[in-house]
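Coordinate analysis (summary)
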Number of protein chains: 2
Amino acid sequence: MQAGDVVSVMAGNRPEMLAAHYAVPMIGAVLNTVNTRLDADAVGFILNHAESRMVLSDAASRDVASLAAKAKNVQCVVFADDGERHASLDVLDLLADDGIDIALENSAVVDEWQPISLNYTSGTTGDPKGVVCHHRGAYLNSIGNVLALGLNSRSAYLWTLPMFHCNGWCHTWAVTAAGALHVCLDKVDPGVVFAEIARHGVTHMSCAPVVLYMLLNHPAREGHDPARRVNVAMGGAAPTSTLINELDALGFDLTHLYGLTESFGPVTMQTLAEHQNSIDAAAKAVELSKQGVRHISASRVRVLDDAAKDVPADGVTLGEIVLAGNTVMAGYYRDAEATAAAFLNDVFHTGDMAVRHSDGSIEIKDRSKDIIISGGENISSIEIENALHQHPAVLLAAVVAAPDPKWGETPYAFIEVRPNAGVNSEELKAYCRERLAPYKTPRHFSFGELPKTGTGKVQKFMLRARARELAAGAE
Amino acid sequence: MQAGDVVSVMAGNRPEMLAAHYAVPMIGAVLNTVNTRLDADAVGFILNHAESRMVLSDAASRDVASLAAKAKNVQCVVFADDGERHASLDVLDLLADDGIDIALENSAVVDEWQPISLNYTSGTTGDPKGVVCHHRGAYLNSIGNVLALGLNSRSAYLWTLPMFHCNGWCHTWAVTAAGALHVCLDKVDPGVVFAEIARHGVTHMSCAPVVLYMLLNHPAREGHDPARRVNVAMGGAAPTSTLINELDALGFDLTHLYGLTESFGPVTMQTLAEHQNSIDAAAKAVELSKQGVRHISASRVRVLDDAAKDVPADGVTLGEIVLAGNTVMAGYYRDAEATAAAFLNDVFHTGDMAVRHSDGSIEIKDRSKDIIISGGENISSIEIENALHQHPAVLLAAVVAAPDPKWGETPYAFIEVRPNAGVNSEELKAYCRERLAPYKTPRHFSFGELPKTGTGKVQKFMLRARARELAAGAE
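Residues numbered from 1 in each chain as written. Chains lettered and ligands numbered in written order. Predicted model: local features only at pLDDT ≥ 70, side-chain atom pairs only at ≥ 80, totals over all residues. Heavy atoms only, no water.

Put simply, the rule is: UniProt positions are given in the numbering used here, feature names are shortened, and annotations may be inferred rather than shown by experiment.
Naming follows an unreviewed UniProt entry, where chain A appears as Fatty-acyl-CoA synthase of Aminobacter niigataensis. Recorded in UniProt for chain A, the comment headed Sequence similarities (unreviewed entry) runs: "Belongs to the ATP-dependent AMP-binding enzyme family."

Right under this line is the structure:
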């Protein structure tokens, strides 16, 4: 290994995964954390595109990781299993045994703009894009997280958010910077979550709403002491008033974070001010559904109209959220075209359409890109559409995000059936499951002619509105 | 005013002083805070050397500031007095009345390395040196302070440390970055300090030991609730075990900070670990007398021997503390020679001689520069010696720092009297008071032949040891 080499890791929130967030950047190498829910083909695509030199894997991901690594001729090193050796951190020993040269003296961090991580995220096209993050941005956003969440040396942070997801929104580094305690959770088991909260006096955690629903629906919540408040940074979707009420009773205080892999995680945040503690849950939900104000380390967060002018702070006029500054990625790896498109006019285009409120906060109302964010993970609409288009009965498929209280969003598929053909939801679901990761399979299907523009382009904004209505009706 | 202009301020810890820390840098101008204890000549030197465009002053410093400003032909604007208008923040109104052009559009901060402040500090030569601090360093050290002290949005910071002193060690910006409350104290009155602590729920303050002695000796301490802990960041001198015990009973927890104006304030820190809370006061004093470990935003803190090699971590071998990284000044303003000397071999030389302990902390044992740090302020030995040398009875004067539990250090003067002449302590004290600010006047005088090297140079290290012994005997 040497400076600039890419080291891929496929693992849960284990101590080795945390250690990799330090060991890999410290030798000047680039950390590529891989979503553990991907299949070997998808992992292989990433290893190949990232030009990985090595894959580290935990026991749970061993099969997928080794299969992908073998296919791409990359070395795979598997962490010792907990069953064999408890909380093993002998990664470096293993490497030494395999005779891999770690030339520390040649590979220090020499430039704050050099890459620290390479995170693959689904964009509007089917293939995932490699987001290149630099040391400077990671440092600043980590510090921003400390300030945003009020972490200090007495804090204990519970790892319910996957570290592979955008380096845990930089909390992998933030918690250490604050001198706080990392409590690593290999996987999210609500019983274990409550036990660890009590055992370590957990003060902070981050997750998508889905994790919170799991906690609320688990019997172990009865044993949890609500007097010990836990600060929960939630991303991926706005909390409902019911969720807020239930969490409040449980002793969980919500912070709503908004960000993207391209922004090193959080770029805006919304919390309730002290005087808002007494407002009712519906009013709290209104406040917490906003994406909020600039994260302290985010240099520029603006909402621009088509003429690249800031929209008025009227809570109504829609514009696109654009970002600039230290905590914006360097670019998409080996994809100059996508990078240029994302940085049109020297600002990063999030594709999220928002309004500005008079209090300075922003609130997302729509999305201009074909992405569905489910359980905090990006899903490409187009990837699902491509799968559906292979079905002989499908003439035209359009997939959009439907709001979902648990997952934030789920894919909603609108299908125009070929003349003289017939198909139903169950058949298409099964068809998708064979071709897509389970979380990418649409939950709902709607059949009929799709709304199109004069030039024949599907009007997705109409379908999004339709999906919102249908989802609301289904609740 | 425009970018690059120097704006001098001579004021106590008033809201206007805090506002100046934002208003001046935001237009790209450079903030020059002036010690309010200086006389008009010393202030005039600074205005002239800094090429100030304007002096802002509070009512208390009006006479000195306006006298100095007039002598140097610089405009002087005095804040409205509290007596006239409460907590007035109408500085900009006043400026507008005077027709001064504040061209905001021409003066944003365009480069993170551009100067944010210019702080004059006494060095080894008589004339103060202008320390140029940049935005980048101020940003990072402010964030470092937030992390070091655990400031958050529920913190309340009491301003007992002068803001004019190295921009209040960057706390002027740090407290705001944490979203915490600034409690401005125009001057340190122990009764008011206790009242403000209770009124605002103060959680943090910073000061030199002298302020803590004032608090401990004031009857208002009886009304203070020790259950409400206050984190006190102390600089300028190590706390004695007596002080630690008394402060503990008062509910004050100590953090020992070490730094210089040239390092934007704190560059190392020492706190007690949780398991050390139960050790006795003498052992705590030993721990807290160390300068400690690297402040999180300090890039490099090393202790080097004469061959520029790190001294071993043996707690014995003496070397000079040298600094490098983001939180080191750009240089001394208009003094290339002093800057080059300070940055010999590309590291900043503090002049402080220290040992490294096996736990990674450093501890200062001596000083290679002729500076006395009294009540947190630098005093030049040479400036005092120059004054003494003008007395007809003085053949040779050597002034060194003597340890003082209240002030940290006080000047100790060793005098070799001219043959056939006679003089005593009282006479020399009175002589110094006429020529120096009161805090620069030596507390102690010792008469006799001075120890010299073969080439006739006074051996100050011997005098320092002598002063330590004499000070210990005097207690």
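1. Regarding the packing of aromatic side chains
The condition that has to hold: Paired rings are identified among Phe, Tyr and Trp, the last through its six-membered ring, by centres lying within 6.5 Å, and are further divided according to the angle between planes into stacked (under 30 degrees), edge-to-face (over 60) and tilted (the rest). For each residue, the accessible area found with a 1.4 Å probe, counting protein chains only, is set against the maximum for its type, and the residue is called buried under 20%, exposed over 50%, and partly exposed in between. A positively charged side chain is recorded as over a ring if its NZ (Lys) or CZ (Arg) lies within 6 Å of the ring centre. The angle to the ring normal must also be within 35 degrees.
In total, this model carries six aromatic pairs over all chains according to the counting rule given. Relative to Phe-414 of chain A, the ring of Tyr-412 of chain A lies with its centre 5.1 Å away and its plane at 20 degrees, an arrangement referred to as stacked. On the basis of relative accessibility, which here comes to 2%, the residue Phe-414 of chain A falls in the buried class. With centroids separated by 4.9 Å and ring planes inclined at 70 degrees, the aromatic side chains of Tyr-157 of chain B and Trp-159 of chain B adopt a geometry described as edge-to-face. Across this residue pair, the class does not change: Tyr-157 of chain B and Trp-159 of chain B are buried. Positioned above the aromatic ring of Tyr-332 of chain A, the side-chain terminus of Lys-129 of chain A is 4.8 Å from the ring centre.

2. Brief notes about the nonpolar core
Threshold: To qualify as a nonpolar core, a set must consist of buried Ala, Val, Leu, Ile, Met, Phe, Trp, Tyr and Cys residues joined through side-chain atoms within 4.5 Å. Between two residues, a contact is recorded if the distance between any of their heavy atoms is within 4.5 Å.
Ranked by internal contacts, the top residues of the largest apolar core, which has 70 residues, are Val-9 of chain A together with Val-9 of chain B. If we ignore the near neighbours within four places in the chain, the residues touching Val-9 of chain B are Met-17, Ala-20, Leu-31, Asn-32, Thr-33, Val-34, Leu-56 and Phe-79 of chain B.

3. Quick word on helix α13 (residues 381–389) of chain A
Residues and elements named next belong to chain A. Our working definition: We count a stretch as a helix when DSSP gives it H or I for four or more residues in a row; a strand needs E for two or more, and each element gets its number in order from the N terminus. Starting at the helix axis, one direction is taken to each C-beta atom, and the arc is that of these directions. Whenever two N or O atoms come within 3.5 Å, that pair is a polar contact, provided that in protein one can donate a hydrogen and the other can accept it, and provided that, for residues adjacent in sequence, both atoms are side-chain atoms.
Regarding α13, the residues found buried are Ser-381, Ile-384, Glu-385, Ala-387 and Leu-388. Viewed end-on, α13 has its buried residues packed into an arc of 160 degrees, placing them on one side of the element. Capping of α13 at its N-terminal end is provided by Ser-380; its side-chain oxygen lies 3.1 Å from the backbone amide nitrogen of Glu-383.

4. Structural notes on the sheet that holds strand β8 (residues 181–183) of chain A
Residue and element names in this part refer to chain A. Spelled out, the test is: Pairs of strands are assigned from DSSP output, requiring at least two bridges between the strands.
Read from one edge of the open sheet, seven strands run β8-β7-β9-β10-β11-β12-β13, paired in mixed fashion. Either end of the sheet is taken by a strand with one partner, and the two such strands are β8 and β13 (293–294). Note that strand β7 (residues 156–158) and β8 share three bridges and pair parallel. Along β8, the bridge assignment pairs Ala-156 with Leu-181.

5. Topic: the interface of chain A and chain B
Put simply, the rule reads: Accessible area that two parts lose when put together, with a 1.4 Å probe and added across both, is what the buried area reports. Put simply, a salt bridge is a Lys or Arg side-chain nitrogen that is within 4 Å of an Asp or Glu carboxyl oxygen.
In this assembly, 12 residues from chain A lie in contact with 12 residues from chain B. Carbon and sulfur atoms make up 60% of the surface buried where chain A meets chain B, a total of about 1000 Å² over both sides. If you sort the residues of chain A by the area they bury against chain B, Tyr-139, Ile-143 and Leu-147 of chain A come out on top, with a joint share of 36%. Here Glu-112 of chain A and Arg-136 of chain B are joined by a salt bridge, their closest N and O atoms 2.7 Å apart. Where chain A packs against chain B, one counts two residue pairs in polar contact (both at pLDDT 80 or more). Here the side of chain A that touches chain B takes six residues from helix α5 (residues 135–149) of chain A, the largest share from any one element.

6. Things to note about the pairing of strand β1 (residues 6–10) of chain A
Residue and element names in this part refer to chain A. Of all five residues that make up β1, five are buried, and the element is covered over most of its length. One ladder, built from four bridges, connects β1 with strand β2 (residues 30–33); its direction is parallel. Of the residues in β2, the one forming a bridge with Val-7 is Leu-31. Where β1 lies against strand β3 (residues 54–57), four bridges are found, and the strand directions are parallel. Across the sheet, residue Val-9 finds its bridge partner in β3, namely Leu-56.

7. What about the pairing of strand β3 (residues 54–57) of chain B?
All names here are of chain B. With burial as the criterion, each face of β3 is covered, one bearing Met-54 and Leu-56 and the other bearing Val-55 and Ser-57. The sheet contact formed by β3 and strand β4 (residues 75–78) spans four bridges and is parallel. By the bridge assignment for β4, Ser-57 is matched with Val-78.

8. With respect to the sheet that holds strand β12 (residues 265–270) of chain B
All names here are of chain B. Spelled out, the test is: Here the axes come from fitting lines to C-alpha atoms, over the contacting stretch only for helices, and the angles between their N-to-C directions go from 0 to 180 degrees.
Taking strand neighbours across the sheet as the criterion, the seven strands line up as β8-β7-β9-β10-β11-β12-β13 in an open arrangement whose pairing is mixed. Strands at the two margins of the open sheet, each flanked by one partner only, are β8 (181–184) and β13 (293–294). In this sheet, strand β10 (residues 230–234) lies alongside strand β9 (residues 204–207) in parallel orientation, the contact comprising four bridges. Note that in β10 the partner of His-204 across the bridge is Asn-231. Helix-sheet contacts for helix α8 (residues 190–200) involve β7 (156–159), β8, β9, β10 and β11 (252–260), and the interaxial angle to β7 is about 165 degrees.

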